[in-house]
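Residues per chain are reported as follows:
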Amino acid sequence: MKALLLDLGGVVIDVDPQRCFAYWAEAAGVGVGHVAERWCADEAYEAFEIGAIGFGEYLESLSARLDISLGEDDWRAGWNALLGDPIADVVAALPALASRVPLYCFSNTNVVHQATWEQRHADALAPFRRIYVSWQLGMRKPCVAAFQRVVDDIGVAPEDIVFLDDNAANVRGARAAGLVARHVPDAAATMAALREKE
């Protein structure tokens, strides 16, 4: 292994869409189920995550899909409620890992979330040499071309990069791009994988 590449949300930082739904539902005066049942990762969501549309345009689509109307401040606060705390055991292990192997991160994310986690979790993310984000790449995981772009920038052969992600589809995409990829559905699995690399 010449580089370790980690997913961000669900691997390094806790994420939970239910927090978004609960915030928006309360702000709109509807039940959480009203929001949760209507939300999905639709074309507008994916376009926002590859930087093809801005937050305002995404909110127009989201408002229509969820059948609620909110001010931008409430939309933004609910959107950022997705992001929780760093996953303590994983973050604690990163500095020692970084002293032995270059650490990188690859996240499907958008400009609004990135601004938030960069500010909130700068210390936790400091061991990473670089964090690759879908909205800047113009491509999302599990797209093979997205992984190839990341591999090219890291500058080592894909078979020398170990990739950990909590999304099985992203793991399949990474493997198709030639990376050594492992599905880590929870913090315990992530820690087990990291200990193997010690």
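Attention here is on the structure that accompanies the text. Note that this is a predicted model, so its numbers are computed, not measured. (Residues numbered from 1 in each chain as written. Predicted model: local features only at pLDDT ≥ 70, side-chain atom pairs only at ≥ 80, totals over all residues. Heavy atoms only, no water.)

**Some words on the environment of T109**
Mapped onto the fold, T109 is located in the loop between strand 4 (103–107) and helix 7 (111–120). Judged by its relative accessible area of 3%, T109 is buried. Linking T109 and R140, residues 31 residues apart in sequence, is a C-alpha distance of 8.5 Å. (Helix = DSSP H or I, 4+ residues; strand = E, 2+ residues; numbered from the N terminus. Buried < 20%, exposed > 50% of the residue type's maximum accessible area, 1.4 Å probe, protein only.)

**Describing the packing of aromatic side chains**
Going through the model one piece at a time under the given rule, you end up with 14 aromatic pairs. Measuring from ring centre to ring centre gives 5.4 Å for F106 and F147, while their planes differ by 85°; the resulting arrangement is edge-to-face. Within this pair, whereas F106 is found in strand 4, its partner F147 is found in helix 10 (residues 144–154), the two being separated by 41 residues in sequence. By relative accessible area, F106 is classed as buried at 0%. Lying across the ring of F106, K141 places its NZ or CZ 5.3 Å from the centre. (Phe/Tyr/Trp six-rings, centres within 6.5 Å; stacked < 30°, edge-to-face > 60°. Lys NZ or Arg CZ within 6 Å of the ring centre and 35° of its normal.)

**Description of the pairing of strand 1 (residues 3–6)**
The alternating pattern of strand 1 places A3 and L5 and L4 and L6 on opposite faces, both of which are buried. One ladder, built from four bridges, connects strand 1 with strand 6 (residues 161–165); its direction is parallel. For L5, the partnering residue across the bridge sits in strand 6 and is F163. As paired elements, strand 1 and strand 4 share three bridges and run parallel to each other. Considered in strand 4, the bridge of L4 is made with L103. (Pairing = 2+ DSSP bridges.)

**Section: the environment of D166**
Relative to the helices and strands, D166 is located in the loop between strand 6 and helix 11 (168–176). Discounting residues that sit within four places of it in the chain, D166 has contacts with D7, G9, G10, V11, H183, V184 and P185. (Contact = heavy atoms within 4.5 Å.)

**Quick notes on helix 4 (residues 55–66)**
Taking 1.5 Å per residue as the helical rise, helix 4 with its twelve residues ought to reach 16 Å, and the 16 Å between its terminal C-alpha atoms agrees with that figure. Buried within helix 4 we find F55, Y58, L59, L62 and L66. End-on view of helix 4: buried residues confined to an arc of 100°, all on one side of the axis. In helix 4, the exposed residues that point more than 90 degrees away from the buried face are E60 and A64. (Expected span 1.5 Å × (residues − 1). Arc of directions from axis to C-beta.)

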